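# Remarks on the overall topology
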Amino acid sequence: MRKYNVAVVGASGAVGEELFRVLEEQKFPVGELLPLASARSAGEEIEFAGKKYKIEELTESVFDGRDIDIAFFSAGGSISAKFAHCAVESGAVVIDNTSHFRMDPNVPLVVPEVNPEDIELWEESGIIANPNCSTIQMVQLLKPLDDLYGIKRVDVSTYQAVSGAGKKGMEELVLQMRDFFNFKLDESEVKAFAHQIALNVIPQIDIPQPNGYTKEEMKMVNETNKIMHSDFAISATCVRVPVLRSHSESITITFKEGVDVSVLEAKNALANFENVEVIDDLENAKYPMPIIATDTDKTYVGRIRKDNFAPNILHIWGVADQVRVGAATNAVRIAQKWIKLESI
């Protein structure tokens, strides 16, 4: 099998570290590996497949003469904006995990289980965008149901883990909980979030928009319609909760007029969809939860029930590890599909 030279930008961050884990677990055909980060992290070591690699500083010339085939970018939108073109010009395909290119009409936005055909559009810009974590897990559940019944409207409330804010978010929750048990919570620092996150929920993720929604909520709206090539109505409320890892979502789906939803039919469609697992046994207290989803590559769905008042409305509950399914795993799956496409 041909091997591919891989660069990882943001090698010392939470998603970068997870990328190395997923690449190794998936036995991805890595030839040379180039871990990249800011000058602050340069010189640190990472381990991959039993070998140690030194992180190099990301510069505009670092890709020159390196023959990189695939460059994963997970270091923030401003970094992708400045350096992604350098990787593309050197001959690499960039798989970008930031928000910078997602709504660019010349850049495909891909969840491989949902719209793999869009990967073919990568040559337009040399870049494939990885969607927002909360969008990825939602569209994996919407796609089979849309194919079954045709979606008219989606209303979603998210329960997003602190790891969505990176290492600093996880550290802040842990430190605040430590301070709580030491009766010093009032002395805890609040830096990663707008408010104390321990023992609290915060109904704001990202900055406010003129329409009263947040940037995170509008990402879910706009990205979902781009990925699914749809124009159905979507409303999102995104909430940060004191969970370390894995996002949960309560999703209400309104299908087209005249549809009479069958719960059994919906369950079967979801169960048969790639990388989705149904856990739905309320009587025995079995349903998706963050502790089930964490460190896995599945999107879990349960609490599948028909609306009490409208035959064309279904309510579901979905959970996935947003560092993996919502970022690293989705990026690797894009790369795997891209390799198949290139080998045809």
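This report concerns the structure included in the present document. (Residues numbered from 1 in each chain as written. Predicted model: local features only at pLDDT ≥ 70, side-chain atom pairs only at ≥ 80, totals over all residues. Heavy atoms only, no water.)

## Digging into the overall build of the protein chain
- Of the regular secondary structure elements, the protein chain holds 8 helices and 14 strands.
- Relative to its full complement of 344 residues, the protein chain shows a buried share of 53%.
- If you take every contact in the protein chain between residues at least 6 apart in sequence, the share linking residues at least 24 apart comes to 68%.
- Carbon and sulfur atoms make up 50% of the accessible area of the protein chain, which totals about 15700 Å².
- If the 35 positive side-chain charges of the protein chain are averaged to one point and the 51 negative ones to another, these points end up 3 Å apart. (Helix = DSSP H or I, 4+ residues; strand = E, 2+ residues; numbered from the N terminus. Buried < 20%, exposed > 50% of the residue type's maximum accessible area, 1.4 Å probe, protein only. Contact = heavy atoms within 4.5 Å. Areas by Shrake-Rupley, 256 points an atom, 1.4 Å probe, with all protein chains shown as cover. Lys, Arg positive; Asp, Glu negative; His and termini not counted. Charge placed at Lys NZ, Arg CZ, Asp CG, Glu CD.)

## A closer look at the packing of helix H3 (residues 133-149) against helix H5 (residues 215-228)
- It is the contact of H3 with H5, at a shortest axis distance of 10 Å, that shows an interaxial angle of 40 degrees. Between H3 and H5, the crossing angle belongs to the class labelled oblique. Note that H3 runs across H5; the crossing there is right-handed. Only Glu216, Lys219, Met220, Glu223, Thr224, Ile227 and Met228 of H5 make contact with H3, whose side of the interface consists of Ser134, Thr135, Met138, Val139, Leu142, Lys143 and Asp146.
- Grouping the amino acids of the contact of H3 with H5 by side-chain chemistry returns 6 nonpolar, 3 polar and 5 charged. (Axes fitted to C-alpha atoms, helices over the stretch in contact; angles between N-to-C directions. Parallel < 35°, antiparallel > 145°, perpendicular 65-115°, else oblique. Left-handed = near helix turned anticlockwise from the far one by under 90°. Nonpolar A, V, L, I, M, F, W, Y, C, P; charged D, E, K, R; others polar.)

## Concerning the side chain of Asn225
- On the secondary structure map, Asn225 appears in helix H5.
- By relative accessible area, which is 17% here, Asn225 ends up buried.
- Among all residues touching Asn225, those that are not within four sequence positions of it are Ser230, Asp231, Phe232 and Ile234.

## Concerning the packing of H3 against helix H6 (residues 263-271)
- Taken N-terminus to C-terminus, the directions of H3 and H6 make an angle of 130 degrees; their axes are 9 Å apart at the nearest point. Judged by the inter-axis angle, H3 sits oblique to H6. Here H3 and H6 pass one another in a crossing that is right-handed. Together, Leu141, Pro144, Leu145, Leu148 and Tyr149 of H3 and Glu265, Ala266, Ala269 and Leu270 of H6 make up the contact between the two elements.
- The class makeup of the residues in the contact of H3 with H6 is 8 nonpolar, no polar and 1 charged.

## Section: the pairing of strand E9 (residues 151-160)
- Taken together, the 8 bridges between E9 and strand E11 (residues 247-255) define a ladder with antiparallel strand orientation. The residue of E11 that forms the bridge with Arg153 is Thr254.
- When E9 meets strand E10 (residues 233-240), the two strands line up parallel, connected through 8 bridges. Bridge pairing in E10 places Val154 opposite Ile234. (Pairing = 2+ DSSP bridges.)

## Here's the deal with the sheet that holds E10
- Strand order in the open sheet formed by 6 strands is E10-E9-E11-E14-E13-E12, and the pairing between neighbours is mixed. Each edge of the open sheet is held by one strand with a lone partner, namely E10 and strand E12 (276-278). Strand-to-strand, the axes of this sheet are offset by a mean angle of 20 degrees, without reference to chain direction.
- Direction of pairing for E11 relative to strand E14 (residues 313-320): antiparallel, over a ladder of 8 bridges. Bridge pairing in E14 places Ser250 opposite Trp317.
- Relative to the sheet, H3 contacts E9, E11, E12, strand E13 (299-306) and E14, its axis offset from that of E11 by approximately 30 degrees.
- Packing against the sheet, H6 makes contact with E12, E13 and E14, and its axis sits at approximately 170 degrees to E13.

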